[in-house]
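# Topology and contacts: notes
Listed below, chain by chain, are the residues.
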Number of protein chains: 2
Amino acid sequence: MSEIKIIDVKRSIFEDNTADADRLRQELKEKHTFLLNIMSSPGAGKTTTLLALMKILKDRLHIGIMEANIDSVVDTKTMLNAGVEAIQIHTGGMCHLDADMTRQGLKELKSENFDLVILENVGNLVCPAEFDTGAVKNVTILSVPEGDDKPLKYPLMYEVCDLLIVNKIDTLPYFDFDKEKVIQYAKMRNPNIDVIFISAKTGEGVSDLANWIEKHVEDWK
Amino acid sequence: MSEIKIIDVKRSIFEDNTADADRLRQELKEKHTFLLNIMSSPGAGKTTTLLALMKILKDRLHIGIMEANIDSVVDTKTMLNAGVEAIQIHTGGMCHLDADMTRQGLKELKSENFDLVILENVGNLVCPAEFDTGAVKNVTILSVPEGDDKPLKYPLMYEVCDLLIVNKIDTLPYFDFDKEKVIQYAKMRNPNIDVIFISAKTGEGVSDLANWIEKHVEDWK
């Protein structure tokens, strides 16, 4: 396993994060690098989904991963063990990343070498939605055991996301989760949101997700 | 169903939240009211656990519930439908409650009428752990589908809690979750933390949890 690179990012010096995020997107555009920001509750399956995606996308795109956590390196270890290029970002206790913190991570990852950089944001349905990271697209994962009512309770997360991934659909028989309702609630927050149902564990639906990502990466070039 | 009382709480005017939380605990002590703060990720089962607890505790203690959410009243509706006294606290987009916001809720609930007030905090493993609400005891719920590694990734939550409830143990056969490991990781963050395994759905373990709470409420009087 490669050595784990840990970046301790500092809070942004920019007062206007939104303007800085727009600058970062422009920088990425010039380098033909697509940044995808993945957000979810703790334990919704961000890391497992990335591993499942890598199996399909690694031969189609050059991909780097940034794992953001308050502490620990377990997710980055998992990625490196799977042969994926990844770095660990530690947020120093903060519940989100802003655009400048993201920029610090991209620099260390040497993002100009990649078609696609995926940021696995801090597990949290509130704060990460409030800060534009400079990503080209924002994605949220909701897992079946969490319940179909999350778009009602965490509105901003669904408003800012381009795609809702519903994960752990292999566990649908064991939970009271209504697929139609979750689409309805998510569209109530954002009529343009796409919804893809997957099981990162069994692989069901993951090729649809890979195609969604690849299409947007190609559009960005 | 009773009318739903919604409190829009304002950010605290106190710079020193910790000192204010100590003041609030003293006020609660004088009124013989025990405040329990329940925290977890979104979807770990806070509301379902409370409903299961109410069945056991409602004849033993006089209990009021404060449901804190960024938006929606679904949890409070659930409580009122079950015949539980409850109010809804809206945080105005904030990811946590501080002591003064909690005090505003307690006032509206008329907390002096209750032996036990339970605050269901915003679903979030990061921010709520950073703000002392004035609660006598702090509890966190981790559900089996989230995985046993959460104490590694969200250290502060486990450091500040007196009890870890592991919920949804009826789903253990379907997930890769190690009961011994989660105890080990939680104790690594806080050697004094108690751990109780439950299924709010089937009721398994809930009487142990009810006894834990009742003992602490009696100790406070």
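Fair warning: this is a prediction, and the values are worked out from it, not measured in the lab.

Bringing the overall build of chain A into the picture now. The helix and strand inventory of chain A stands at nine helices and eight strands. The C-alpha radius of gyration of chain A comes to 16 Å, within 12% of the 17 Å expected for a compact globule of 221 residues. When the backbone C-alpha atoms are referred to their principal axes, chain A occupies close to 45 × 40 × 35 Å. Counting across all 221 residues of chain A, residues that qualify as buried make up 62%. Across chain A, contacts joining residues at least 24 apart in sequence account for 76% of those joining residues at least 6 apart. Of the roughly 8900 Å² of accessible surface on chain A, 47% is carried by carbon and sulfur atoms. A distance of 1 Å separates the average location of the 26 positive side-chain charges in chain A from that of its 36 negative side-chain charges.

Residue and element names in this part refer to chain A. An order of β1-β4-β3-β5-β2-β6-β7-β8 is seen for the eight strands of this open sheet, with the pairing classed as parallel. Two strands close off the open sheet at either side, each with one partner strand: β1 (6-8) and β8 (194-197). With direction set aside, neighbouring strand axes in the sheet form an average angle of 25 degrees. Each of β2 (34-40), β5 (116-120), β6 (137-143), β7 (163-167) and β8 touches helix α9 (residues 206-220); the most contacted strand, β2, lies at about 140 degrees to it.

Throughout the structure, instances matching the rule amount to three aromatic pairs over all chains. Residues Tyr174 of chain A and Tyr174 of chain B carry aromatic rings whose centres are separated by 3.7 Å and whose planes lie at 5 degrees to one another, so their mutual orientation is stacked. Residue Tyr174 of chain A is found in the loop between β7 and α8 (179-189), and its partner Tyr174 of chain B is found in the loop between β7 (163-167) and α7 (179-189); the two belong to separate chains. Residue class for Tyr174 of chain A comes out partly exposed when judged on its relative accessible area of 30%. Geometrically, the ring pair formed by Phe34 of chain B and Trp220 of chain B is edge-to-face, given 6.3 Å between the ring centres and 90 degrees between the ring planes. Separated by 186 residues along the polypeptide, Phe34 of chain B in strand β2 (residues 34-40) and Trp220 of chain B in helix α8 (residues 206-220) bring together distant segments of the chain. Each member of the pair, Phe34 of chain B as well as Trp220 of chain B, is classed as buried.

Note on the identical chains: chain A maps onto chain B by a rotation of 180 degrees and an axial translation of 0.0 Å, with an RMSD of 0.0 Å. Here the symmetry operator amounts to a two-fold rotation axis.

With that settled, the discussion passes to the interface of chain A and chain B. Contact residues are listed per partner, giving 32 residues for chain A and 32 residues for chain B. Both sides of the chain A and chain B interface together cover about 2400 Å² of buried area, and 60% of this is carbon and sulfur. Sorting the residues of chain A by area buried against chain B places Pro42, Lys153 and Tyr174 of chain A first, and these three jointly supply 24% of that buried surface. The tally of links from chain A across to chain B stands at four salt bridges.

Time to look at the environment of Asp149 of chain B. Tracing the backbone through its elements, the reader meets Asp149 of chain B in the loop between β6 (137-143) and α5 (150-153). Distance from Asp149 of chain B to Thr18 of chain B, taken between C-alpha atoms, is 29 Å for residues 131 residues apart in sequence. Not counting the four nearest positions on each side in its chain, Asp149 of chain B is found in contact with Val74 of chain A together with Tyr185 of chain B. Within the structure, the side chain of Asp149 of chain B is placed 2.6 Å from the side chain of Lys150 of chain B, a separation counted as a polar contact.

With respect to the helices and strands, the residue Met39 of chain A is situated in strand β2. Counting along the chain gives 61 residues from Met39 of chain A to Asp100 of chain A, while the straight-line C-alpha distance between them is 18 Å.

Our next topic: the pattern of salt bridges. Tallied over the entire structure, the rule returns 28 salt bridges over all chains. Residues Glu27 of chain A and Arg103 of chain A are paired through a salt bridge, measuring 3.2 Å at the closest nitrogen-oxygen approach. Here Glu27 of chain A is found in helix α1 (residues 17-30), whereas its partner Arg103 of chain A is found in helix α4 (residues 99-109), with 76 residues between them in sequence. Between Arg103 of chain B and Asp20 of chain B there is a salt bridge whose closest N-O contact spans 3.0 Å. Highlighted residues: Arg103 of chain B in helix α4 (residues 99-109) and Asp20 of chain B in helix α1 (residues 17-30), separated in sequence by 83 residues. Of the two residues, Arg103 of chain B and Asp20 of chain B, both sit in the buried class.

All names here are of chain B. On the basis of which strands lie adjacent, the open sheet formed by eight strands has the order β1-β4-β3-β5-β2-β6-β7-β8 and parallel pairing. At either margin of the open sheet sits one strand with a lone partner, and together these are β1 (6-8) and β8 (194-197). Neighbour-to-neighbour, the strand axes of the sheet open up by a mean angle of 25 degrees, direction not taken into account. Sheet topology places β1 next to strand β4 (residues 85-90); three bridges connect them, and they run parallel. In the strand pairing of β4, Ile6 is matched with Gln88. Contacts from α7 reach β6, β7 and β8, with the element oriented near 155 degrees to β8.

Procedures and definitions
Residues numbered from 1 in each chain as written. Chains lettered and ligands numbered in written order. Predicted model: local features only at pLDDT ≥ 70, side-chain atom pairs only at ≥ 80, totals over all residues. Heavy atoms only, no water. Helix = DSSP H or I, 4+ residues; strand = E, 2+ residues; numbered from the N terminus. Rg over C-alpha atoms; globule rule 2.2 N^0.38 Å. Buried < 20%, exposed > 50% of the residue type's maximum accessible area, 1.4 Å probe, protein only. Contact = heavy atoms within 4.5 Å. Areas by Shrake-Rupley, 256 points an atom, 1.4 Å probe, with all protein chains shown as cover. Lys, Arg positive; Asp, Glu negative; His and termini not counted. Charge placed at Lys NZ, Arg CZ, Asp CG, Glu CD. Pairing = 2+ DSSP bridges. Axes fitted to C-alpha atoms, helices over the stretch in contact; angles between N-to-C directions. Phe/Tyr/Trp six-rings, centres within 6.5 Å; stacked < 30°, edge-to-face > 60°. Least-squares fit on C-alpha atoms with pLDDT ≥ 70 in both. Buried area = accessible area lost by both parts, 1.4 Å probe. Salt bridge = Lys/Arg side-chain N within 4 Å of Asp/Glu carboxyl O. Polar contact = N/O pair within 3.5 Å; in protein donor to acceptor, adjacent residues only side chain to side chain.

It is worth stressing that arrangement in space is one thing and function is another; only the former is reported here.
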